[in-house]
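# Structural overview
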Amino acid sequence: MTPTAARRRARWAPYLFLAPGLLPVLLFGVWPFLNTVILSFTDARILRGGHFVGFANYRRALTDPDFWLATGNSVLYLLVVVPCLVLLPLALAVLVRAEIPGIGFFRSAFYTPVIASAVVVGLMWQWVLRSDGLLNTVLRGLRIVSEPVPFLTDSGLLLVSAMIVTVWKGLGYYMVFYLAALGNVSVSLYEAAALDGAGAVRRFFSVTVPQVKPMMLLVGTLSAISALRVFTEIYILGGEGGGPGGGARTLPFLIRQVGLGFAGETGYASAVSLLLFLLTLVFSLLGRRLSKGDER
C-alpha cells in the first residue's frame, strides 16, 4: 500500500466506525426534520403531494384560533408543571436521603410511576378522576360535593388533571437527578451551618439549594421541553377531541388532529410542528443561558 493510499484510508477510518451509529441518526432524525421543513412550505396532504405555497401555512397558523388556543394551553402547562417538577422532586430527594429503616421501600415506591407506561398511568388516573371514579365517590361519600366534579368533562379541570398526572409521573424521575446532585454536596457544609446555629430549614435554603442550583436549572430545562411535548395525558384523559370542544388541546395534540386521517393536512401540520420546535428551542436556549450565568 502506497503512503498516499494509507493516509486516505486513515482519513476515512473514523467515519467507518461512526457509521453504524450515525446512519440511524441521519435516517430517523435529520432527514425527517429536513422533510418536515420542506413540507411546511407546501400544501401537501396525506394522499397527495403538495405544491410550494411559501409562508401560507405559517400565516394561517398565526391567524388560526385553534393554534393560539393550543399554544396558550402548552405555555400554561409549562408554567404550572415546570415549577412543580423543579421544587417537589428536590424536597422528595431530601426526605428519602434520610437514613431510617425502610427508606429503600419509599425510594422504590416514588420511582415506580417512572417505569410505568404513560398509557397505563393515564388509564389509572382516568379511573380515579371520572364522574363515577374513586375520587368523586370519596368526595360524595364524605358529603364534600353533591354532584360529581367534572375533572374530565370540563376543559379547564381536564388540563389541571393532566398536569397532576404529569407531575405525579415525573416526581420519581427528577428525584433521582437530585439524589445524584445531593450526593456531591460536602457534609462539612452542613456541619458548618449547624455550628452557626442554622436549623433544618435554614440549612436547606443556605446550603442545599445553592449547591444543587445547576441541577435545578437542568431539571427546569428538561421538564419545560417535556411539558411542551405533552400529548398522552390529554389524549387518554380527554379522548381524541382533546376535551369538550377541544378546549384542552396542546400543540402536539393539534398537530396530530390536523395531520392525520384521509384529509390530513401534512403541510399545515409540518408548519405547526416547526413553530413548536422554535418555541421549544427558545426555552432550551433560555435554560442554557441561565446555566451559563450561574456558572459565572
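Numbers given to residues run from 1 along each chain, matching the order in which its sequence is written. Owing to the predicted nature of the model, reporting of local features is limited to residues with pLDDT of at least 70; listing and counting of side-chain atom pairs is limited to 80 or more, with chain, interface and lining totals taken over all residues. The basis for every side-chain value is the complete set of non-hydrogen atoms in the structure, without hydrogens or water.

## Brief notes about the environment of L276
Secondary structure elements are taken from DSSP: a helix is a run of H or I of four residues or more, a strand is a run of E of two residues or more, and numbering for both begins at the N terminus. Along the chain, L276 turns up in helix α13 (residues 266-295). Only protein chains enter the accessibility calculation, which uses a 1.4 Å probe. A residue is then buried if its area is under 20% of the maximum for its type, exposed if over 50%, and partly exposed in between. Taking the relative accessible area as the measure of exposure, L276 reaches 11% and is therefore buried. When the C-alpha positions of L276 and W127 are compared, they lie 31 Å apart, and in sequence the two are 149 residues distant. Residues count as neighbours in contact if any of their non-hydrogen atoms are within 4.5 Å of one another. With sequence-adjacent residues up to four places away left out, L276 is seen in contact with L228, L251, P252 and I255.

## Considerations on the packing of helix α4 (residues 103-115) against helix α7 (residues 155-182)
All axes are obtained by fitting lines to C-alpha atoms, using only the stretch in contact for helices, and the reported angles, taken between N-to-C directions, cover 0 to 180 degrees. Running from N to C, α4 and α7 cross one another at 120°; their axes reach a closest spacing of 6 Å. Comparing their axes, α7 and α4 come out oblique. Two packed elements cross with a definite hand, and for α4 against α7 that hand is left-handed. The segment α4 lies against α7, with R107, F110, Y111, P113 and V114 engaging W168, K169, G172, Y173, M175 and V176. The residue makeup of the contact of α4 with α7, split by class, is 8 nonpolar, 1 polar and 2 charged. Angles are sorted into four bins: roughly parallel if under 35 degrees, roughly antiparallel if over 145, roughly perpendicular if 65 to 115, and oblique for all others. Here a crossing is taken to be left-handed if its near helix is turned anticlockwise relative to the far helix by less than a right angle, and right-handed if that turn runs clockwise. Note on residue categories: nonpolar means Ala, Val, Leu, Ile, Met, Phe, Trp, Tyr, Cys or Pro, charged means Asp, Glu, Lys or Arg, and polar means any other residue, Gly included.

## A closer look at helix α5 (residues 118-129)
Helix span, as expected, comes to 1.5 Å for every residue beyond the first. A rise of 1.5 Å per residue sets the reference length of α5, with its 12 residues, at 16 Å; its end C-alpha atoms lie 16 Å apart and thus fit the reference within 8%. Those residues of α5 that fall on the buried side of the exposure criterion are V121, G122, W125, V128 and L129. Along the axis of α5, the buried positions cluster into a sector of 120°, meaning they face one direction only. Check the buried side of α5 and you find it contacts α4, α6 (134-141), α7 and α11 (232-238). The arc under discussion is defined with respect to the helix axis, by the directions toward the C-beta atoms.

## Quick look at the pattern of salt bridges
We define a salt bridge as a side-chain nitrogen of Lys or Arg found within 4 Å of a carboxyl oxygen belonging to Asp or Glu. Applying the stated criterion across every chain, the model contains 4 salt bridges. The partner of R249 in a salt bridge is D66, and the shortest N-O contact between them spans 3.0 Å. Here the residue R249 occupies a position in the loop between α11 and α12 (251-259), and D66 occupies one in helix α3 (residues 65-96), the gap between them amounting to 183 residues. You can call R249 buried: its relative accessible area is 10%. The shortest N-O distance in the salt bridge between R130 and D132 comes to 3.1 Å. Classification of D132 by relative accessible area gives exposed; the value is 56%. Three or more residues joined by partner-sharing salt bridges are found here, namely R45, R60 and E265.

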